[in-house]
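Results of the structural survey
Each chain is listed here by its residues.
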Amino acid sequence: RWGRRTLLMGVLNVTPDSFSDGGRFDSAAAATAHALELEAAGADIIDVGAVSTRPGAVAVSPEEELRRAAPVVQALHASPLRAPISVDTSCAAVAAELAALGARVVNDVSGGAMDREMLPTVARLGLPAVLMHMRGDPATMASLARYDDVVADVRSELAGRLPAGRGAG
């Protein structure tokens with residue numbers, strides 16, 4: 001299934017401060033209903049995010065991230081959803097816990113840079129990984145978003161993460 005075509009990821013924010021939905025999907029029931037709507041609309045993967053990564057967002061603990069995401073991942077795994085469940089996290093321990101509950105993809109906005117255990121953990125779990133680009137963290141990223149050529153610079157920075165990903169397995 002992976003690599004045959006471009007896949008569409010439906011984003012399911014379960015944060016109280018989401019910029020896109022204002023926390024409308026912070027219960028397992030509301031999140032599951034929305035995930036099923038996303039799948040019906042064509043989403044191939046449902047990506048559960050429990051930490052806001054908008055510029056200036058306040059960091060939350062792994063425990064808080066799990067408190068928000070675990071019931072949703074469990075509910076999605078038990079639902080009629082056919083799309084794989086992805087977890088949007090930069091914390092290896094959170095990724096491992098959510099994989100045990102049914103997540104099948106890890107989407108790390110930091111490209112594995114915020115937690116040095118992320119890439120080895122994803123490799124050990126045998127899960128596909130989506131490695132994104134971000135300079136700094138949500139608190140500092142806006143001040144670091146200065147590019148000479150945004151496409152070339154992002155491409156170069158993502159290419160710089162490839163050796164770490166390959167080295168982890």
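Right above here is the structure, for reference.
This write-up is about the structure you can find in this document. A quick note: this is a predicted structure, and the numbers were derived from the prediction, not measured.

Parameters and conventions
Residues numbered from 1 in each chain as written. Predicted model: local features only at pLDDT ≥ 70, side-chain atom pairs only at ≥ 80, totals over all residues. Heavy atoms only, no water. Helix = DSSP H or I, 4+ residues; strand = E, 2+ residues; numbered from the N terminus. Buried < 20%, exposed > 50% of the residue type's maximum accessible area, 1.4 Å probe, protein only. Core = buried A, V, L, I, M, F, W, Y, C linked by side-chain atoms within 4.5 Å. Contact = heavy atoms within 4.5 Å. Axes fitted to C-alpha atoms, helices over the stretch in contact; angles between N-to-C directions. Parallel < 35°, antiparallel > 145°, perpendicular 65-115°, else oblique. Left-handed = near helix turned anticlockwise from the far one by under 90°. Arc of directions from axis to C-beta. Pairing = 2+ DSSP bridges. Polar contact = N/O pair within 3.5 Å; in protein donor to acceptor, adjacent residues only side chain to side chain.

Turning our attention to the overall build of the protein chain. On a plain count of helices and strands, the protein chain comes out with 6 helices and 5 strands. When the helices and strands of the protein chain are read in sequence order from the N terminus, they spell out β-α-β-α-β-α-β-α-β-α-α. With the principal axes as the frame, the protein chain shows a C-alpha extent of 45 × 35 × 30 Å. In the protein chain, buried positions account for 40% of the 169 residues.

Attention shifts here to the nonpolar core. Residues L12, I46, V48, L76 and L98 are the most contacted members of the largest nonpolar core, which totals 30 residues. When contributions to this core are tallied by element, the ones reaching two or more residues are α1 (28-40), β2 (45-49), α2 (62-78), β3 (85-88), α3 (92-100) and α4 (118-125). Not counting chain neighbours up to four residues away, the residues in contact with L98 comprise L66, A69, A70, V73, V87 and A103.

Summarising the element assignment, A75 is placed in helix α2. Once you skip the residues sitting within four places of it in the chain, A75 turns out to touch A28 and T32.

Moving on, we come to the packing of α2 against α3. Relative orientation of the contacting elements α2 and α3 amounts to 20°, with a least axis distance of 10 Å. Looking at the two axes, α2 sits roughly parallel to α3. At the point where α2 passes α3, the crossing takes the right-handed sense. Contact residues: P62, E65, L66, A69, A70 and V73 in α2; V94, E97 and L98 in α3.

Right, let's get into α3. Each α-helix winds once per 3.6 residues, and so residues spaced three or four apart point in a common direction. Within α3 the residues assigned to the buried category are A92, V94, A95, L98 and A99. Along the axis of α3, the buried residues cluster in a sector spanning 160°; they form a single face. Contacts made by the buried residues of α3 are with α2, β3, β4 (105-108) and α4. Two residues or fewer past α3, G102 is found with a positive phi of approximately 130°.

With respect to the helices, strands and loops of the structure, T121 is situated in helix α4. Overall, the relative accessible area of 7% leaves T121 in the buried class. Leave out the neighbours within four places in its chain, and T121 touches A92 and A96.

Bringing the sheet that holds β2 into the picture now. The strand order across the open sheet formed by 5 strands is β1-β2-β3-β4-β5, and the pairing between neighbours is parallel. With partners counted over all chains shown, the strands left at the sheet margins are β1 (9-13) and β5 (129-131), one partner each. In this sheet, adjacent strand axes meet at a mean angle of 25° when their direction is disregarded. Across 4 bridges, β2 lies against β3 in parallel orientation. Following the sheet pairing, I46 is matched in β3 by I85. Along the sheet face, α1 touches β1 and β2 and points at about 165° away from the line of β1.

With respect to the secondary-structure elements, I45 resides in strand β2. Classification of I45 as buried rests on a relative accessible area of 6%. The spacing of I45 and M9 is 36 residues in sequence and 4.7 Å in space, taken between C-alpha atoms. For I45, the contacting residues outside a window of four places in its chain are W2, L7, L8, M9, G10, A83, P84 and S86.

What follows is about the environment of D47. Within the secondary structure, D47 sits in strand β2. By relative accessible area, D47 is classed as buried at 3%. For the pair D47 and A168, spaced 121 residues apart in sequence, the C-alpha separation works out to 23 Å. When sequence neighbours within four positions are dropped, the list of residues in contact with D47 reads M9, G10, V11, L12, S86, V87, D88 and N107. A distance of 2.6 Å separates a polar atom in the side chain of D47 from a polar atom in the side chain of S86.

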